[in-house]
Amino acid sequence: MRTLLVAAATCTAAGLLLSALVLSGPAWAAAPGTPQTGLSDVMGGDQPRLTCVVPAIRAGVVASLKSFHRAMARCADRFWAGRFAAAGLAYSTPQVTITTGSDSVCGKITSSGAHYCPEQRTIVIRIMKQDLRDPFRMNMAHSVAHEWGHHVQQLTGVLDAQSALYRPASGSARTLLSHRLEMQAECFAGVFYSATLESIKPQIEWEEWIDAVRRAEESEIHGKPKNLAFWQDRGYRGGATGFCNTWTATKAKVT
């Protein structure tokens, strides 16, 4: 989950503009084995495994969860800095705030989970009581991985483009484009996992994790769990951001 004060217009207009920001090749196709070319291609492809030191989590200990999230942040930062460098793009590290409260740099947090604040370029992770009681490792890792996906969208201009299309948008178009945004962040998380999952030590097999995502509760902002699972798995198996063009995907793949 995230706080993201951006919006959208029609699917067609947004698809053309947002795809142009991250792709120079053909539009997304259904074939799962074919990544796009252009910018997204050089931000992925064959790459060595990234070894990150991510500590164990002690249930009930706030400091332990904070240490885990900070280690995950360092891991995500190394990965995406490398991808941007390979693409010849400027990269900047987001600020990361870890809190047990409800106040953040982007205002009051009204829900649980993690949030991305575009203007401040800050990832806010809120540790909840449930996290302390049952700090499942992959859930904790995904808080960082998904929000870093939004930071990648910020750095590549996707969030600004979506904001520019906000005013003329209808409610249904905003919902659809919100789904496209979230599905792409899920896919970017999958790309990150393709290089780092082994060192994260997720405590769950990948297929089991994707099945759990598929069976999760549906979110109006994020879309259907089965599609979130599809895009995360697509990024993981493809290992490149070229697999993550949700902007021209069929509506059935992002609702």
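Described below are features of the structure shown in this document. (Residues numbered from 1 in each chain as written. Predicted model: local features only at pLDDT ≥ 70, side-chain atom pairs only at ≥ 80, totals over all residues. Heavy atoms only, no water.)

### Concerning the pattern of salt bridges
So, step 1. Enumeration according to the criterion identifies four salt bridges in this entry.
So, step 2. A salt bridge links Asp 211 to Arg 214, with the nearest nitrogen and oxygen atoms 3.5 Å apart. Note that Asp 211 and Arg 214 are positioned in helix H8 (residues 206-214) at a spacing of three residues, about one turn of the helix.
So, step 3. The class for Asp 211 is partly exposed, based on a relative accessible area of 29%.
So, step 4. Classification of Arg 214 by relative accessible area gives partly exposed; the value is 41%.
So, step 5. The closest approach of N and O atoms between Asp 211 and Arg 215, which form a salt bridge, is 2.9 Å.
So, step 6. Arg 215 gets classed as exposed once you look at its relative accessible area, which sits at 60%. (Salt bridge = Lys/Arg side-chain N within 4 Å of Asp/Glu carboxyl O. Helix = DSSP H or I, 4+ residues; strand = E, 2+ residues; numbered from the N terminus. Buried < 20%, exposed > 50% of the residue type's maximum accessible area, 1.4 Å probe, protein only.)

### Observations concerning H8
So, step 1. Regarding H8, the residues found buried are Trp 206, Trp 209, Ile 210 and Val 213. The buried side chains of H8 occupy one side of the element, clustering within an arc of 95 degrees when seen end-on.
So, step 2. Where H8 is buried, its residues contact helix H5 (137-155), helix H7 (171-200) and helix H9 (225-238). (Arc of directions from axis to C-beta. Contact = heavy atoms within 4.5 Å.)

### So, the state of the cysteines
So, step 1. Tallying each qualifying case throughout the model produces two disulfides.
So, step 2. Covalently, Cys 52 is tied to Cys 75 through a disulfide, its sulfur atoms 2.1 Å apart. Taking the sign of the S-S torsion, about 75 degrees here, the bridge from Cys 52 to Cys 75 comes out right-handed. With Cys 52 in the loop between helix H2 (39-42) and helix H3 (62-87) and Cys 75 in helix H3, this residue pair connects regions lying 23 residues apart in the sequence. Cys 75 matches Cys 52 in its accessibility class, with the two residues each being buried.
So, step 3. Shown here is the disulfide that connects Cys 187 with Cys 244, its sulfur atoms set 2.1 Å apart. Its S-S torsion of about -75 degrees marks the bond between Cys 187 and Cys 244 as left-handed, since a negative value means left-handed. Here Cys 244 lies in the segment after H9 and Cys 187 lies in helix H7, a separation of 57 residues in the sequence. Here the two residues Cys 187 and Cys 244 agree in accessibility, since each one is buried. (Disulfide = S-S within 2.5 Å.)

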